[in-house]
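Chains, contacts and geometry: an overview
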Amino acid sequence: MDTIWLLVAVVACLAAVTLAVAFIRARLSHTRALEERGWLLERERESAARNAVDAERARIAHDLHDIVSHNVSVMVIQAGAARHVLETEPDQAEAALLAVEAAGRDTMAELRHLLGLLAPQGTGEDEELSPQPSLSRLSPLIDRIAFAGLPVDVRISGEPRPLPTGVDVTAYRIIQEALTNALKHGDGVKAEVTVRYADHALRVEILNTGPSVLTGGRTPVASGEGRGLLGLRQRVAVYGGDLDARRRLGGGFRVRAKIPLERP
């Protein structure tokens, strides 16, 4: 009888040890799976960030193509006009040459800012050219966003003035990206765009309404590190500026950018 109980005890101990070993192996396997998943997620985030930067560089390349081709065309036309009136109408020739000089300086400034960020070859050389994005072309963008279901109020403060082409394009892109995200992820009630022309900087702010985390509303999908905003943050940094994008405490989202300007 004692032998039987001894065998039962031995079997029970072996079963307990076997279960413990199986449990430990399962925990180790689970831990390894979590570590591998975390590694994969980190790789995906890194890949998404690289793709965002590459996409923005491709867009910069397209914008730069438009900027340079426009300014070079102006230079060629004005130089030709100056050549024709150089002897007969020197005042007009001087005005044309001044226009050539201004266009050349503008082009060189854009080249200094953007040449190092161009995308690899094969990124849209055959794209159909469209009018250059500009703050002067905000109305069609606002109309499209409103037609899609998001009313937008626009406020302009300070004295509007011509901006360096690259800064103008960048400001437009910030507003475009922020309103697109608001349309996708906001509550569709309202958005506000403010453009401030200061002496030494251009400030752009976009606010939109949305569910508040404090009241238990649905957390917005958009975040300050979205792919489009990642690329725009890099573009703003090229001009020595900064871009901040974050959820608003009372609900919705805010995108704010400051781009330095030369004294007017």
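The model shown is predicted, which means the values in this text are computed figures rather than measured ones.

This brings us to the overall build of the protein. Across its full length, the protein holds five helices and five strands. Shown N-terminal to C-terminal, the secondary structure of the protein runs as helices and strands in the order α-α-α-β-α-β-β-α-β-β. Within the protein, the proportion of its 264 residues that are buried is 33%. The long-range fraction of contacts in the protein, counting pairs at least 24 apart against all pairs at least 6 apart in sequence, stands at 74%. By element, 59% of the accessible surface of the protein is carried by carbon and sulfur atoms, the whole surface being about 16500 Å².

Let's shift gears to the sheet that holds strand 5 (residues 253-260). Paired through backbone hydrogen bonds, the strands of a sheet run either parallel or antiparallel to each other. Pairing is mixed in the open sheet, where five strands are placed in the order 1-2-3-5-4. The open sheet is flanked by strand 1 (152-158) and strand 4 (242-247), the only strands paired with a single partner. For this sheet the average axis-to-axis angle between neighbouring strands, irrespective of direction, equals 10°. Where strand 2 (residues 191-197) lies against strand 3 (residues 201-208), seven bridges are found, and the strand directions are antiparallel.

In this section: the confidence of the model for the protein. Of all residues in the protein, 72% have pLDDT values of 70 or greater, and the mean over the chain is 76. Mean pLDDT per element in the protein: helix 1 (residues 2-85) is the minimum at 70, and strand 2 is the maximum at 95. Below pLDDT 50 for its whole length, residues 121-129 participates in seven contacts with residues either more than four positions away or in separate chains.

For the rest of this paragraph, the subject is the pattern of salt bridges. Side-chain pairing between opposite charges can occur once the charged atoms of the two side chains come close. Here the structure, examined in full by the defined rule, presents six salt bridges. A salt bridge links R155 to E192; the nearest nitrogen and oxygen atoms lie 3.3 Å apart. Highlighted residues: R155 in strand 1 and E192 in strand 2, separated in sequence by 37 residues. For R155, a relative accessible area of 43% corresponds to the partly exposed category. Among the salt bridges present, the one from E205 reaches R256, with a minimum N-O distance of 2.5 Å. Of this pair, E205 sits in strand 3 while R256 sits in strand 5, placing them 51 residues apart in sequence. You can call E205 buried: its relative accessible area is 11%. Salt bridges here are not isolated pairs; linked through shared partners, they connect D153, R155, K190 and E192.

Attention now goes to a nonpolar patch on the surface. Among the surface-exposed residues, F23, I24 and L28 lie close enough to one another that they form a single nonpolar patch of about 310 Å² accessible area. Checked against the element boundaries, L28 lands in helix 1.

What follows concerns the pairing of strand 3. With seven of its eight residues buried, strand 3 lies for the most part within the structure. Hairpin geometry of strand 2 and strand 3 is characterised by an intervening segment of three residues between the two adjacent antiparallel strands. The pairing of strand 3 with strand 5 spans eight bridges and is classified as antiparallel. Within strand 5, the residue paired with N208 across the bridge is F253.

Cut-offs and rules
- Residues numbered from 1 in each chain as written.
- Predicted model: local features only at pLDDT ≥ 70, side-chain atom pairs only at ≥ 80, totals over all residues.
- Heavy atoms only, no water.
- Helix = DSSP H or I, 4+ residues; strand = E, 2+ residues; numbered from the N terminus.
- Buried < 20%, exposed > 50% of the residue type's maximum accessible area, 1.4 Å probe, protein only.
- Contact = heavy atoms within 4.5 Å.
- Areas by Shrake-Rupley, 256 points an atom, 1.4 Å probe, with all protein chains shown as cover.
- Pairing = 2+ DSSP bridges.
- Axes fitted to C-alpha atoms, helices over the stretch in contact; angles between N-to-C directions.
- pLDDT = per-residue confidence, 0-100.
- Salt bridge = Lys/Arg side-chain N within 4 Å of Asp/Glu carboxyl O.
- Patch = residues over 30% accessible without salt bridge, like charges linked within 9 Å, V, L, I, M, F, W, Y side chains within 5 Å.

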